[in-house]
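Structure assessment
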Amino acid sequence: MTDQNTIVYPYDCNFALADNAAANFQVEILSSATTATTLISTPAADFPPLIDDGSQNLGNGSSLRGTTYVTATLTCPADEVDQIQVNFKVNGTVVVNHTNPTSVQDRPQVTIKIQFTAP
């Protein structure tokens, strides 16, 4: 499916986090043959890319007030895979479950805006 234009799937979410609590962001690939390259930018820092399944400590709640931006480029070139499915988590809680049929897009881009709010 090399002729497809990239479809961007945008998500907005809120996550309550105390000022002194740490935020751990995780990418969990659920579909076979899917790869991911994920970039994260918080109000305090930009992080190196997460490749495939991975996690990143983003800092504590007080440093995350504002918007955190996550951009993940997903790829699933296997013709026998019908669906891409990836969970994006903060502290083990799924904040976004992205799913799309590979017939619609086999190389989607997922963008997530996360607002870390005080509880």
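Focus on the packing of aromatic side chains
Under the defined criterion, the tally for this structure stands at 2 aromatic pairs. On the basis of an interplanar angle of 70 degrees and a centroid distance of 6.0 Å, the ring pair of F15 and F116 is categorised as edge-to-face. Linking F15 in strand 1 (residues 8-16) with F116 in strand 9 (residues 109-117), this pair joins segments that are 101 residues apart in sequence. A single burial state applies to F15 and to F116, both of which are buried.

Examining the environment of Q26
You can see Q26 is positioned in strand 2 (residues 22-29). In contact with Q26, other than residues within four places in its own chain, are G54, S55, N87, F88 and K89.

Regarding the nonpolar core
Counting 29 residues, the largest nonpolar core has F25, F88, I114 and F116 as its most contacted members. Taken together, the elements giving at least two residues each to this core come down to strand 1, strand 2, strand 3 (35-41), strand 6 (67-75), strand 7 (83-90), strand 8 (93-101) and strand 9.

A closer look at the environment of I51
Position of I51 among the secondary structure elements: in strand 4 (residues 50-51). Spatially, the C-alpha atom of I51 lies 19 Å from that of T6, the residues being 45 residues apart in sequence. With residues near it in sequence (within four places) discarded, I51 still touches A36 and T37.

Rules used throughout
- Residues numbered from 1 in each chain as written.
- Predicted model: local features only at pLDDT ≥ 70, side-chain atom pairs only at ≥ 80, totals over all residues.
- Heavy atoms only, no water.
- Phe/Tyr/Trp six-rings, centres within 6.5 Å; stacked < 30°, edge-to-face > 60°.
- Helix = DSSP H or I, 4+ residues; strand = E, 2+ residues; numbered from the N terminus.
- Buried < 20%, exposed > 50% of the residue type's maximum accessible area, 1.4 Å probe, protein only.
- Contact = heavy atoms within 4.5 Å.
- Core = buried A, V, L, I, M, F, W, Y, C linked by side-chain atoms within 4.5 Å.

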